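Examination of the molecular architecture
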Amino acid sequence: MTAADLHPMATGHIPKYVVAADGSDYLFSAMVVFFVVLVVLIGVGYLTLHSVPEKMAHENNHPQFQLVGILALLALFTHNGIFWIAAVLVAGFQFPDFATPMRNIADAIRSLGQSLAPQAPAEPTPPAPQTSTTSEQ
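So, a few notes on the structure that sits alongside this text. In this text the structure is predicted, and so the values were computed from the model without any measurement.

About the criteria used
- Residues numbered from 1 in each chain as written.
- Predicted model: local features only at pLDDT ≥ 70, side-chain atom pairs only at ≥ 80, totals over all residues.
- Heavy atoms only, no water.
- Helix = DSSP H or I, 4+ residues; strand = E, 2+ residues; numbered from the N terminus.
- Buried < 20%, exposed > 50% of the residue type's maximum accessible area, 1.4 Å probe, protein only.
- Contact = heavy atoms within 4.5 Å.
- Areas by Shrake-Rupley, 256 points an atom, 1.4 Å probe, with all protein chains shown as cover.
- Phe/Tyr/Trp six-rings, centres within 6.5 Å; stacked < 30°, edge-to-face > 60°.
- Axes fitted to C-alpha atoms, helices over the stretch in contact; angles between N-to-C directions.
- Parallel < 35°, antiparallel > 145°, perpendicular 65-115°, else oblique.
- Nonpolar A, V, L, I, M, F, W, Y, C, P; charged D, E, K, R; others polar.

Of the regular secondary structure elements, the protein holds five helices and zero strands. For the protein, the α and β elements follow one another from N to C terminus as α-α-α-α-α. The buried share among the 137 residues of the protein stands at 10%. Contacts in the protein between residues far apart in sequence, at least 24 positions, make up 49% of those at least 6 positions apart. Within the structure as shown, the protein displays about 11,900 Å² of accessible surface, and the carbon and sulfur contribution to it stands at 68%.

Dropping the structure here:
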(Lines give C-alpha, C1' and ligand atoms only; values in the text may rest on other atoms or scores of the structure.)
Protein backbone atom coordinates (compact mmCIF):
# COMPACT_ATOMS: atom_id res chain seq x y z
CA MET A 1 0.00 0.00 0.00
CA THR A 2 1.22 3.37 -0.79
CA ALA A 3 0.49 6.62 0.94
CA ALA A 4 -1.93 7.58 -1.83
CA ASP A 5 -4.01 4.46 -1.21
CA LEU A 6 -4.43 5.20 2.51
CA HIS A 7 -7.47 7.03 3.67
CA PRO A 8 -6.69 10.37 5.24
CA MET A 9 -8.25 9.17 8.52
CA ALA A 10 -6.12 5.99 8.58
CA THR A 11 -3.98 5.43 11.58
CA GLY A 12 -0.53 5.08 10.12
CA HIS A 13 1.05 6.45 13.26
CA ILE A 14 -0.02 3.53 15.48
CA PRO A 15 2.96 1.40 16.67
CA LYS A 16 3.46 -2.17 15.53
CA TYR A 17 2.67 -3.75 18.92
CA VAL A 18 -0.98 -2.71 18.72
CA VAL A 19 -3.28 -5.52 17.61
CA ALA A 20 -3.57 -5.68 13.87
CA ALA A 21 -6.80 -6.24 12.00
CA ASP A 22 -5.87 -9.87 11.29
CA GLY A 23 -5.80 -10.63 15.06
CA SER A 24 -2.05 -11.11 15.44
CA ASP A 25 -0.91 -9.69 18.74
CA TYR A 26 2.86 -9.74 18.96
CA LEU A 27 3.02 -8.09 22.36
CA PHE A 28 0.65 -10.66 23.90
CA SER A 29 2.61 -13.54 22.37
CA ALA A 30 5.88 -12.10 23.67
CA MET A 31 4.41 -11.62 27.16
CA VAL A 32 3.08 -15.21 27.25
CA VAL A 33 6.54 -16.55 26.41
CA PHE A 34 8.14 -14.17 28.91
CA PHE A 35 5.85 -15.22 31.78
CA VAL A 36 6.23 -18.93 31.05
CA VAL A 37 10.01 -18.55 31.15
CA LEU A 38 9.72 -16.38 34.28
CA VAL A 39 7.58 -18.97 36.11
CA VAL A 40 10.01 -21.76 35.22
CA LEU A 41 13.00 -19.68 36.38
CA ILE A 42 11.27 -18.77 39.65
CA GLY A 43 10.48 -22.46 40.23
CA VAL A 44 14.08 -23.48 39.57
CA GLY A 45 15.32 -20.73 41.89
CA TYR A 46 12.87 -21.78 44.61
CA LEU A 47 13.90 -25.43 44.44
CA THR A 48 17.58 -24.49 44.30
CA LEU A 49 17.17 -22.31 47.38
CA HIS A 50 15.54 -25.16 49.28
CA SER A 51 18.42 -27.49 48.45
CA VAL A 52 21.09 -25.15 49.89
CA PRO A 53 21.12 -26.75 53.39
CA GLU A 54 21.48 -30.23 51.91
CA LYS A 55 24.36 -29.08 49.72
CA MET A 56 26.04 -27.50 52.75
CA ALA A 57 25.68 -30.68 54.79
CA HIS A 58 26.85 -32.88 51.91
CA GLU A 59 29.97 -30.79 51.26
CA ASN A 60 30.95 -30.83 54.95
CA ASN A 61 30.14 -34.54 55.35
CA HIS A 62 27.86 -33.57 58.22
CA PRO A 63 26.90 -36.34 60.65
CA GLN A 64 23.30 -35.07 60.74
CA PHE A 65 22.86 -35.13 56.94
CA GLN A 66 19.55 -37.00 57.10
CA LEU A 67 18.11 -34.55 59.63
CA VAL A 68 19.05 -31.64 57.38
CA GLY A 69 17.37 -33.34 54.41
CA ILE A 70 14.18 -33.99 56.37
CA LEU A 71 14.02 -30.39 57.58
CA ALA A 72 14.57 -29.07 54.04
CA LEU A 73 11.78 -31.30 52.69
CA LEU A 74 9.43 -30.21 55.46
CA ALA A 75 10.17 -26.59 54.61
CA LEU A 76 9.53 -27.27 50.94
CA PHE A 77 6.20 -29.01 51.39
CA THR A 78 4.77 -27.00 54.28
CA HIS A 79 6.13 -23.56 53.27
CA ASN A 80 7.20 -22.96 56.87
CA GLY A 81 10.40 -20.97 56.85
CA ILE A 82 11.35 -22.09 60.34
CA PHE A 83 12.14 -25.60 59.06
CA TRP A 84 14.45 -24.17 56.39
CA ILE A 85 16.17 -21.93 58.94
CA ALA A 86 16.60 -24.92 61.25
CA ALA A 87 18.07 -26.95 58.36
CA VAL A 88 20.57 -24.18 57.58
CA LEU A 89 21.55 -23.90 61.25
CA VAL A 90 22.00 -27.64 61.65
CA ALA A 91 24.00 -27.85 58.40
CA GLY A 92 26.10 -24.81 59.26
CA PHE A 93 27.24 -25.80 62.73
CA GLN A 94 28.91 -28.96 63.91
CA PHE A 95 27.53 -30.13 67.21
CA PRO A 96 30.23 -31.17 69.66
CA ASP A 97 30.83 -34.90 69.68
CA PHE A 98 30.64 -35.97 73.30
CA ALA A 99 30.12 -39.67 72.61
CA THR A 100 33.52 -40.42 71.05
CA PRO A 101 35.69 -39.05 73.90
CA MET A 102 33.50 -40.78 76.48
CA ARG A 103 33.73 -44.05 74.54
CA ASN A 104 37.54 -43.70 74.38
CA ILE A 105 37.70 -43.05 78.13
CA ALA A 106 35.51 -46.07 78.82
CA ASP A 107 37.68 -48.26 76.57
CA ALA A 108 40.86 -47.04 78.28
CA ILE A 109 39.43 -47.71 81.73
CA ARG A 110 38.24 -51.14 80.65
CA SER A 111 41.65 -52.10 79.28
CA LEU A 112 43.35 -50.66 82.36
CA GLY A 113 40.99 -52.62 84.58
CA GLN A 114 41.78 -55.84 82.77
CA SER A 115 45.52 -55.37 83.14
CA LEU A 116 45.25 -54.50 86.86
CA ALA A 117 42.70 -57.17 87.73
CA PRO A 118 44.03 -59.60 90.33
CA GLN A 119 45.14 -62.74 88.70
CA ALA A 120 43.66 -65.95 89.99
CA PRO A 121 46.33 -67.72 92.02
CA ALA A 122 47.82 -70.59 90.21
CA GLU A 123 46.82 -73.92 91.68
CA PRO A 124 49.73 -75.45 93.50
CA THR A 125 51.06 -78.51 91.88
CA PRO A 126 50.66 -81.57 94.05
CA PRO A 127 53.91 -82.92 95.39
CA ALA A 128 55.32 -85.74 93.47
CA PRO A 129 54.82 -89.12 95.13
CA GLN A 130 57.91 -90.13 96.93
CA THR A 131 59.22 -93.52 96.28
CA SER A 132 61.31 -95.06 98.90
CA THR A 133 64.29 -97.07 98.00
CA THR A 134 64.59 -98.74 101.33
CA SER A 135 62.12 -101.35 102.18
CA GLU A 136 60.51 -101.41 105.52
CA GLN A 137 60.28 -104.80 107.12
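For Asn61, which is not glycine, the phi torsion reads 50° and is therefore positive. Turning to its location among the elements, Asn61 is positioned in the loop between helix 2 (52-59) and helix 3 (65-78). A relative accessible area of 68% means that Asn61 is categorised as exposed.

Our next topic: the packing of aromatic side chains. Within the structure shown, the criterion is met by one aromatic pair. Considering the side-chain rings of Phe34 and Phe35, the 5.4 Å spacing of their centres and the 70° angle between planes classify their relative orientation as edge-to-face. You can call Phe34 partly exposed: its relative accessible area is 45%.

Moving on to the packing of helix 1 (residues 26-50) against helix 2. One can describe the packing of helix 1 onto helix 2 by two numbers: an axis separation of 4 Å at closest approach and a directional angle of 40°. One finds that helix 1 runs oblique with respect to helix 2. Counting all contacts with helix 1, which are made through Thr48, Leu49 and His50, the residues of helix 2 involved are Val52, Pro53 and Lys55. Counted by class, the contact of helix 1 with helix 2 contains three nonpolar, two polar and one charged residues.

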